[in-house]
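Read off the chains here:
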Amino acid sequence: MEEVEGRTAFVTGGASGIGLGISTALVTAGMNVVIADVRQDHIASALEGFAESDRPTSVHALELDVTDRDAFARAADDAERTFGRVHVLCNNAGMGILGPVTVARYDDWDWGLGVLLGGVVNGIQTFLPRMLEHGEGAHIVNTSSMAGVLPVPNAAIYITAKAAVIGLSEALRSELAEKGIGVSAFCPGPVQTNIREGRRTRPERYGDSGYTELERELEERPNSPLWMDPYECGERVLAGIRRNDLYIFTHREFRDGADERFRAMLASFPDEPLNEERAQAIDFLLSNPIFGEVLERRRS
Ligand code: NAI
């Protein structure tokens, strides 16, 4: 979507960190932005910041827990009442849920997957029909993570969700291109945000956790000044929307690790002759044009 000016975006987790960086970049580019966030204190400080910007009336904020499907529908109605049709959806809300899988309890899995994957699903289920109906073109950005491409230990729940968000984005991309809706999987590396405060958004109903102590410790961990600035992240997302990128990466440092992962996969295929007859029978499963398009665009 090259032309973003005057269009409307809906950004979940938009009141802090990366979501706020995305919202700021989109507002600066002339969009109207609806910020949806579960933390009222984040909303208040984000609105204070926008009040001092050039375009304070281009931002509308509402409280939303992305796991609440009815509230999501009401938030979409509210967004449309405020700014009209929504053209960009950033499914970004999330928290760090980290720790060894050996101590994870069902509440950890249910909360983690509920927000990090379920929240994205709910965003799509809420907004996709509305985007198809207005037919003016749209773009969906799903925040995954570099960890979704390059998994590390002690983050199984997080990685399960983030890897699924990449697969989900690729699947959507395959289906929606013809309908004028672009889809990007956004995979940032470390960014200076409030992600360490995740436990503050953990609902009581998911209180039987194996990570209680770890979450307290995580909250004390400071950001490094070497991590990326959230606004820079937001600008990269804006550029990705404009170019209709399938993948939006932020950190060159992860390239070699990703390369090793993909080579490990390729090296694990059976080293045996191709069965031509079988290949023909399943040729619809053997490739996907979305990948060729990325390579083609990189070449040009
Ligand atoms: P953040 O804590 O600064 O911002 C996340 C926002 O999401 C917060 O304002 C929080 O209140 C909101 N949120 C949390 N649960 C929610 C829910 N159930 N419903 C609605 N809003 C909710 O953290 P950050 O880092 O900006 O996180 C944004 C996304 O970026 C997350 O999906 C995270 O996994 C991802 N990410 C972050 C990285 C980092 O280094 N900070 C790296 C890779 C991915």
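Preceding this section is the structure that the text describes.
From a predicted model like this one, the values you see are computed outputs, not experimental measurements.

**Concerning the side chain of S23**
With respect to the secondary-structure elements, S23 resides in helix α1 (residues 17-28). Its relative accessible area of 0% is what places S23 among the buried residues. There is a polar contact of 2.8 Å between the side chain of S23 and the backbone oxygen of G19. If near-sequence neighbours (up to four positions away) are discounted, S23 is found in contact with V11, G14, V33, I35 and F50.

**A closer look at the site of the ligand**
Looking at the ligand, there are 28 residues lining it, with S16, D37, H42, Y158 and T193 nearest. A distance of 2.9 Å is found between an oxygen atom of the ligand and a backbone nitrogen or oxygen belonging to N194. Within the backbone of I195, a nitrogen or oxygen atom sits 3.5 Å from an oxygen atom of the ligand. Burial of the ligand by the protein chains amounts to 95% of its free accessible area of 820 Å². Of all the elements in the fold, those that place two or more residues in the shell around the ligand are α1 and α5 (156-176).

**A closer look at the pairing of strand β1 (residues 8-12)**
Look at any regular strand and the pattern is simple: side chains alternate between the two faces of the sheet. For β1, a buried count of five out of five residues is recorded, marking the element as mostly surrounded by other parts of the structure. Side chains T8, F10 and T12 project from β1 onto one buried face, and the interleaved A9 and V11 project onto a second face that is buried too. As paired elements, β1 and strand β2 (residues 32-37) share five bridges and run parallel to each other. Pairing of V11 across the sheet is with I35, part of β2.

**Overview of the packing of aromatic side chains**
Taken as a whole and assessed by the stated rule, the structure comprises four aromatic pairs. Their ring planes at 50 degrees and their centres at 4.7 Å tell us that F10 and F127 sit as a pair that is tilted. Here F10 is found in strand β1, whereas its partner F127 is found in helix α4 (residues 106-134), with 117 residues between them in sequence. Each member of the pair, F10 as well as F127, is classed as buried. Between the aromatic rings of Y247 and F249, the centroid separation amounts to 5.9 Å while the plane-to-plane angle is 5 degrees, which identifies the pairing as stacked.

**Quick word on α5**
With 21 residues, α5 extends 30 Å from end C-alpha to end C-alpha; this agrees with the ideal 30 Å at 1.5 Å per step. For α5, every residue scored as buried is listed here: I157, Y158, I159, A161, K162, V165, I166, S169, E170, L172, R173 and L176. Among the structural elements, α4, β5 (138-143), β6 (181-187), β7 (247-249) and α10 (289-299) are those in contact with the buried residues of α5.

**Quick look at the pairing of β6**
By the criterion of burial, β6 is predominantly enclosed, with seven of the seven residues buried. The side-chain alternation of β6 yields two buried faces, one formed by I181, V183, A185 and C187 and the other by G182, S184 and F186. Bridging between β5 and β6 involves six bridges; their strand directions are parallel. Counted as the bridge partner of A138 is I181 from β6. In terms of strand pairing, β6 meets β7 through three bridges, oriented parallel. From the neighbouring strand, F186 faces β7, where its bridge partner is I248.

The rules we used
Residues numbered from 1 in each chain as written. Predicted model: local features only at pLDDT ≥ 70, side-chain atom pairs only at ≥ 80, totals over all residues. Heavy atoms only, no water. Helix = DSSP H or I, 4+ residues; strand = E, 2+ residues; numbered from the N terminus. Buried < 20%, exposed > 50% of the residue type's maximum accessible area, 1.4 Å probe, protein only. Polar contact = N/O pair within 3.5 Å; in protein donor to acceptor, adjacent residues only side chain to side chain. Contact = heavy atoms within 4.5 Å. Near = heavy atom within 4 Å. Areas by Shrake-Rupley, 256 points an atom, 1.4 Å probe, with all protein chains shown as cover. Pairing = 2+ DSSP bridges. Phe/Tyr/Trp six-rings, centres within 6.5 Å; stacked < 30°, edge-to-face > 60°. Expected span 1.5 Å × (residues − 1).

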